[in-house]
Amino acid sequence: MGKLQQFEISFDQNKVVYSPGESISGTVSVKLGQALLCKAIKVNCNGFCGITTKVNDTAWMAEEQYFNSTVSVADKGTLKQGEHTFPFKFLIPATAPTSYEGNYGKIIYRVRAFIDTPRFAKDYNTEKAFYLLSLLNLNEVPDIWGTCSSAVTQQFTYMLVKSGTVVLKAQTDMKGYTPGQIIQVTANIHNQSGKTTGNMAASLMQRVTYETKRPTHDLRNVVDVEGGAVKPGKEVEWKEQIIIPPLPQSSLAGCDLIKIEYYVKVSLKSPDVMLTLPIHIGNVSLDKKLHPSKKAKPSSAAAEETPDPASTSATTPTPTPRPAPKPAPRPTPRPRGSSHNSPSAPPAEYHHGAEGGAPVNDGYPNKRQSQLVSPNAFSYAPGLFFPQNQSPSGPGAAASGSTGATAPYPTENAATSVPTSLILPPEYGNSAYPQEAPPSYDESCNT
């Protein structure tokens, strides 16, 4: 029998990232030291999802097939000594979900090649993986506009007799983000007790559910930031920023076995007070121009704010001088050089040091453990970057651990051009047994 020296699969233009509905093409290369008798050479392209209940196990408890196509590139015969190439081409279904690799399941796409030899001879096979990226456009997610807010009141007992109450309110500035953007978290804590609370904390949480007979929940903190405590009888407003590292998108459309969710958890360490704010993470960021409530608004707003000079002069009486009582003080006139309209309301008062946990009413020590992180701080994969116009500069938070992997995390213009270089976060490190699901969400998202 002949000796096989090389058996490889290569994709055209060395492309490894594709979109649903796109075709994938390439060649199978065979190099022989001697002639080889074969029955056929076949190439297979398939995509599937497999999940399990053990970390990094490939004995799947449940599977889901997306497509499986096979073509024959050579019939029965003898392959001569030397090099041979066989082209192939497949069409990827438009409904195939994004690639994903997690602790308890994967969505895998691959091309495999087989050389079938006569009976009792050795068969040969090889395979090469590719990755699929189905962009999640946040502008197409229902009920995505506005802020997400929640509130909770917790009563507790301390010193065995006394009881106290803590009121916690929190909100995020948006409901949808892309990697590299910053979550603006605002929390209000009213300590209606005689005991100082524990430190405030905010966490970006990822919850991946693997739908086996008994669903497995993989819950982990992606980013943690911490503030100070609240003194007895005080009310504090705490503002923090969380920069989003490269993460899998929230929706794996087309996959029924893996569900990915994200939320911001705001809590106090003592007493045990906690609330959650669900958010979406996608690939195409929100465009304020597409906000439905901003249509046909400028004309009406201008009509309300622009006063009529004729009516103003007709209705404004001329003040007459009086010796007593003294007239009420009048507002200071604007400089003649100003052509801007007067604001409808005075600007909100700025409380010095409020950002990061300073109190609303008096001096209050705050403990802040967040770090100044640039948008490129999470570019730990070759070729990964965040455009500067997508990530406002400011204090962020460092990531902790890996949270799964998908296809490359594209920039906003990735809808038209997908990068060809593979970008994946590092593999999981040590992972604990999957945790139980968190308490059901009790928040209300205001639009």
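Everything discussed here concerns the structure shown above.
Residues numbered from 1 in each chain as written. Predicted model: local features only at pLDDT ≥ 70, side-chain atom pairs only at ≥ 80, totals over all residues. Heavy atoms only, no water.

Here we come to the nonpolar core. Phe-130, Leu-204 and Ile-258 are the most contacted members of the largest nonpolar core, which totals 78 residues. The contact partners of Leu-204, leaving out residues within four places of it in the chain, are Ile-183, Arg-220, Asn-221, Val-222, Val-223, Ile-242, Ile-244, Pro-245, Leu-247, Tyr-263, Val-264 and Ile-279. With six residues, the next largest nonpolar core counts Leu-136, Leu-138, Ile-144 and Trp-145 among its residues. (Core = buried A, V, L, I, M, F, W, Y, C linked by side-chain atoms within 4.5 Å. Buried < 20%, exposed > 50% of the residue type's maximum accessible area, 1.4 Å probe, protein only. Contact = heavy atoms within 4.5 Å.)

Strand order in the open sheet formed by four strands is E12-E13-E15-E18, with antiparallel pairing between adjacent strands. Of all the strands in the sheet, the pair left with one neighbour each is strand E12 (148–158) and strand E18 (235–243). With direction set aside, neighbouring strand axes in the sheet form an average angle of 20°. Relative to strand E15 (residues 182–191), strand E13 (residues 162–172) is paired through seven bridges, and the arrangement is antiparallel. Paired with Gln-171 across the two strands is Thr-186, which belongs to E15. (Pairing = 2+ DSSP bridges. Helix = DSSP H or I, 4+ residues; strand = E, 2+ residues; numbered from the N terminus. Axes fitted to C-alpha atoms, helices over the stretch in contact; angles between N-to-C directions.)

This part covers the pattern of salt bridges. A full pass over the atoms with the stated rule returns seven salt bridges. The salt bridge partner of Glu-127 is Arg-110, with a shortest N-O separation of 3.6 Å. Of this pair, Glu-127 sits in strand E11 (residues 124–132) while Arg-110 sits in strand E10 (residues 105–116), and the two are 17 residues apart along the sequence. What makes Glu-127 partly exposed here is its relative accessible area of 47%. Across the pair Asp-143 and Lys-175 runs a salt bridge, and its minimum N-O distance is 3.4 Å. Residue Asp-143 is located in the loop between E11 and E12, and its partner Lys-175 is located in the loop between E13 and strand E14 (176–177); the two are separated by 32 residues in the primary sequence. Judged by its relative accessible area of 53%, Asp-143 is exposed. A cluster of three or more residues bridged by salt bridges with shared partners is formed by Arg-207, Lys-259 and Glu-261. (Salt bridge = Lys/Arg side-chain N within 4 Å of Asp/Glu carboxyl O.)

With the rule as written, the count across this model stands at eight aromatic pairs. Measuring from ring centre to ring centre gives 6.4 Å for Phe-11 and Tyr-18, while their planes differ by 90°; the resulting arrangement is edge-to-face. Of the two residues examined, Phe-11 and Tyr-18, each falls in the buried class. Arranged with centres 5.8 Å apart and planes meeting at 20°, the rings of Phe-67 and Tyr-109 form a pair that is stacked. With Phe-67 in strand E6 (residues 62–74) and Tyr-109 in strand E10, this pair connects stretches of sequence that are 42 residues apart. A single burial state applies to Phe-67 and to Tyr-109, both of which are buried. Within the aromatic cluster, the residues linked to one another by ring pairs are Phe-11, Tyr-18, Tyr-66, Phe-67, Tyr-109 and Phe-130. Here the basic side chain of Lys-128 rests over the ring of Phe-11, its NZ or CZ set 5.1 Å away from the ring centre. (Phe/Tyr/Trp six-rings, centres within 6.5 Å; stacked < 30°, edge-to-face > 60°. Lys NZ or Arg CZ within 6 Å of the ring centre and 35° of its normal.)

The buried count for strand E16 (residues 200–210) comes to 11 of 11 residues, which makes it a mostly enclosed element. Because side chains alternate across E16, one face comprises the buried residues Met-200, Ala-202, Leu-204, Gln-206, Val-208 and Tyr-210, and the other comprises Ala-201, Ser-203, Met-205, Arg-207 and Thr-209, equally buried. Relative to strand E19 (residues 258–268), E16 is paired through 11 bridges, and the arrangement is antiparallel. When the sheet's bridge partners are listed, Met-200 is paired in E19 with Leu-268. For E16 and strand E17 (residues 216–226), the ladder comprises 10 bridges, and the chain directions are antiparallel. Bridged to Ala-202 within E17 is Val-225. Here E16 folds back onto E17, and the loop between the two strands holds five residues.

A word on the sheet that holds strand E3 (residues 23–32). Taking strand neighbours across the sheet as the criterion, the three strands line up as E1-E3-E8 in an open arrangement whose pairing is antiparallel. The open sheet has two edge strands, strand E1 (4–11) and strand E8 (82–91), and neither has a second partner. Looking at each pair of strands side by side, their axes are set apart by 15° on average, direction ignored.

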